[in-house]
Amino acid sequence: MFLESLGWGPSLAHAFSVVLHGSSLSLVPGRVVRQERGLLTVQTSELRLLARPSGRLLHHASGAQALPTVGDWVALQPPSGPGEALIHEVLPRRGVLMRREADSEHEGQLIAANLDVVFLVTGLDGNFNPRRIERALTLAWSSGASPVVVLSKTDLDPEVAERVREVEALAPEVPVLALSAHTGEGLEALRAHLPPATTGALLGSSGVGKSTLVNHLLGEQRLATREVRPEDDKGRHTTTHRELFLLPHGGLLIDGPGMRELGLWGAEEEGLGQAFADVVALAAHCHFRDCTHRGEPRCAVRAAVDEGTLDGERLESFEKLRREQAYHARQSDAAARREHQRHVKNLTQAGRERSRSKRRGD
C-alpha cells in the first residue's frame, strides 16, 4: 500500500515481475526519492536505502540518460548487511524531463522521471521572461507530462492580471497559476493539479521560490531558502540535490537546483510544435511546404506578423529554438554514429582475438 502512495500500479508491477522472472537475484521494487551527485536514495515498501547502479547496469547503459534518476522506479537488491543496495534495472519510464547537459553538444541530462505534470515556475520580481517560458514549455511538452505555468511572488507585482494574460496568449491550452507562497494565495489551485499518487516536478531558475513553495505545501520548513540578490533579483543556489516529497494531501512533488540554462538537446520536435501550436498552424497555410518564413511569397506566418495577429518576437523565438533543436539533433546523431562504429570495431577486435586464441590452442 505504501508503494501505491508513491505511484505504484499494475503496469509497473507487471514490468517488475518480468525483471524478477529473468533474474536469480532477490530483488525488490522501489522508487528513487533523492539524488545528490552520484548518491541515490530509494524508498521500498519497508525501507529507505542508499543505493548505486550495479556494474552490469553501468556497463550496458547506452549513456547517462539510461541510468536511474529521481522519480525512477527500479529493481534493486538490498544489502545483506551494512552498505549500499544495488540497482539492477530501471523499470519503463514515462514523463521524462530532460535538458541538454551544460557544456555538452550531444549529452542529455535527466532532471526527473515518471512525471504527470511539470510546473514551470517564474517569479514576478524581475524573473519574468516570456521567451524563457516558451523554452520551458518546449521541454515540458517534450517530456510527455502536462505543463502548468506558475507565476510566483504575486505579492511583489501589481500587474499580475496582465502577466497572466500575457502567458495565456503564449500557451492558450496551458493552465496559468498566479500564487504567493508567503500569503498562501493560489496554493489550493496548485494542489488541485497534484491529486494523490500524482507526481509533479518544479522547473525554474534559482530564486523563483520553488523551495519556499515546497515548504508551504509540506506544512513545515523542510528545505533551506535564501533571499534573492536585491541588486539584480537573481537567486542564490540553495538546493543542491533533487528530491521527491510525499505531500500531506497525497500528491508527490520533485524539487531540485535552479536552472539558469534550459538547453534543448535535439529530441524536442514534438514539444516545439505544441509550445508554438499557433505558429505551426499558420505555417500549414504557407504557399511553399518548406517555407522558412524569411521572405518567401504568400507566407502565411509573415502575413500574420505584418497584420499584428502574431508577435514578431514570438516568431523569432520559434525560429531560434527550431535551429537549436535541429543543430543538437545533428550533433546527437553524429555522436550516436561514432559510438556505433566504436562498438562495431571493439566487437570485431574481440572476434579476431578469439580466433587467434583458438588457432594457438589457448
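- The chain is annotated in an unreviewed UniProt entry as Small ribosomal subunit biogenesis GTPase RsgA from Cystobacter fuscus.
- Per UniProt, the comment on the chain under Subunit (unreviewed entry) is "Monomer. Associates with 30S ribosomal subunit, binds 16S rRNA."
- Checking UniProt for the chain, the heading Sequence similarities (unreviewed entry) contains the comment "Belongs to the TRAFAC class YlqF/YawG GTPase family. RsgA subfamily."

### Concerning the overall build of the chain
Line of reasoning, step 1. Helices and strands together make up the secondary structure of the chain, namely 11 helices and 13 strands.
Line of reasoning, step 2. Residues classed as buried in the chain amount to 46% of the 362 residues present.
Line of reasoning, step 3. Within the chain, contacts between residues at least 6 apart in sequence are counted, and of these 67% link residues at least 24 apart.
Line of reasoning, step 4. For the chain, the accessible surface area stands at approximately 18800 Å², while carbon and sulfur atoms represent 50% of it.

### With respect to the environment of arginine 93
Line of reasoning, step 1. By the secondary structure assignment, arginine 93 is in the loop between strand E5 (85-90) and strand E6 (97-100).
Line of reasoning, step 2. By relative accessible area, arginine 93 is classed as partly exposed at 27%.
Line of reasoning, step 3. Other than its neighbours up to four places away in sequence, arginine 93 contacts Gln65, Ala66, Leu67, Pro68, Thr69, Asp72, Leu110, Ala113 and Asn114.
Line of reasoning, step 4. Of the polar contacts made by the side chain of arginine 93, one reaches the backbone oxygen of glutamine 65; its length is 2.7 Å.
Line of reasoning, step 5. Side chain to side chain, arginine 93 and aspartate 72 meet in a polar contact 2.8 Å long.

### Considering the confidence of the model for the chain
Caution applies to low-pLDDT parts of the model: their predicted coordinates are not meant to be read in detail.
Line of reasoning, step 1. Looking at the chain, pLDDT values average 85 and 82% of them are 70 or higher.
Line of reasoning, step 2. The weakest mean pLDDT in the chain belongs to helix H11 (residues 312-360) at 68; the strongest belongs to strand E4 (residues 73-77) at 97.
Line of reasoning, step 3. Low pLDDT, under 50, characterises residues 228-237; the stretch is placed with 23 contacts to residues that sit more than four places away or in other chains.

### Observations concerning unusual backbone geometry
Line of reasoning, step 1. Backbone geometry places asparagine 114, a non-glycine residue, at a positive phi of 60°.
Line of reasoning, step 2. Within the secondary structure, asparagine 114 sits in the loop between strand E7 (108-112) and strand E8 (117-123).
Line of reasoning, step 3. With phi around 55°, arginine 298 is a residue other than glycine that occupies positive phi space.
Line of reasoning, step 4. Relative to the helices and strands, arginine 298 is located in the loop between helix H9 (277-283) and helix H10 (300-307).
Line of reasoning, step 5. We classify arginine 298 as exposed; its relative accessible area is 63%.

### Some words on empty space enclosed by the protein
Line of reasoning, step 1. Taken as a whole and judged by the stated rule, the model has three cavities of 30 Å³ or more.
Line of reasoning, step 2. The calculated volume of the largest cavity comes to roughly 90 Å³.
Line of reasoning, step 3. If you go around the largest cavity, the residues you meet are Leu120, Val121, Thr122, Asn127, Arg132, Ile133, Ala136, Leu203, Gly204, Ser205 and Leu262.
Line of reasoning, step 4. Of all the secondary structure elements, the ones that give two or more residues to the lining of the largest cavity are E8 and helix H4 (130-143).
Line of reasoning, step 5. By residue class, the composition of the lining of the largest cavity is six nonpolar, four polar and one charged.
Line of reasoning, step 6. Approximately 60 Å³ is the volume found for the second largest cavity.
Line of reasoning, step 7. Looking at the lining of the second largest cavity, the elements that each hand over two or more residues are E7, strand E11 (199-203) and strand E13 (252-255).
Line of reasoning, step 8. When residues of the lining of the second largest cavity are assigned to their parent elements, the largest contribution, three residues, is made by E11.

### Remarks on a positive patch on the surface
Line of reasoning, step 1. On the surface, Arg294, Arg302, Lys320 and Arg323 cluster together to form a positively charged patch.
Line of reasoning, step 2. As for its position among the elements, arginine 302 is in helix H10.
Line of reasoning, step 3. Judged by relative accessible area, which is 36%, arginine 302 ranks as partly exposed.

### Quick notes on the packing of aromatic side chains
Line of reasoning, step 1. Throughout the structure, instances matching the rule amount to three aromatic pairs.
Line of reasoning, step 2. Judged by centre distance (6.4 Å) and plane angle (70°), the rings of tryptophan 8 and phenylalanine 16 are edge-to-face. In this structure, tryptophan 8 and phenylalanine 16 share a single accessibility class: buried.
Line of reasoning, step 3. For the pair phenylalanine 276 and phenylalanine 318, a centre-to-centre distance of 5.3 Å together with 55° between the ring planes defines the contact as tilted. In this pair, phenylalanine 276 is assigned in the loop between helix H8 (269-275) and H9 and phenylalanine 318 in helix H11, connecting sequence segments 42 residues apart. An identical accessibility class is assigned to phenylalanine 276 and phenylalanine 318; each is buried.
Line of reasoning, step 4. Through successive ring pairs, a cluster of aromatic residues spans Trp8, Phe16 and Trp73.

Calculation rules
- Residues numbered from 1 in each chain as written.
- Predicted model: local features only at pLDDT ≥ 70, side-chain atom pairs only at ≥ 80, totals over all residues.
- Heavy atoms only, no water.
- UniProt positions renumbered as here; feature names shortened; annotations may be inferred.
- Helix = DSSP H or I, 4+ residues; strand = E, 2+ residues; numbered from the N terminus.
- Buried < 20%, exposed > 50% of the residue type's maximum accessible area, 1.4 Å probe, protein only.
- Contact = heavy atoms within 4.5 Å.
- Areas by Shrake-Rupley, 256 points an atom, 1.4 Å probe, with all protein chains shown as cover.
- Polar contact = N/O pair within 3.5 Å; in protein donor to acceptor, adjacent residues only side chain to side chain.
- pLDDT = per-residue confidence, 0-100.
- 1 Å grid on protein atoms, 1.4 Å probe; cavity = no way out; pocket = protein on both sides within 12 Å on 5 of 7 lines; lining within 4 Å.
- Points joined across faces, edges and corners; volume = space filled by probe spheres on them.
- Nonpolar A, V, L, I, M, F, W, Y, C, P; charged D, E, K, R; others polar.
- Patch = residues over 30% accessible without salt bridge, like charges linked within 9 Å, V, L, I, M, F, W, Y side chains within 5 Å.
- Salt bridge = Lys/Arg side-chain N within 4 Å of Asp/Glu carboxyl O.
- Lys, Arg positive; Asp, Glu negative; His and termini not counted.
- Charge placed at Lys NZ, Arg CZ, Asp CG, Glu CD.
- Phe/Tyr/Trp six-rings, centres within 6.5 Å; stacked < 30°, edge-to-face > 60°.

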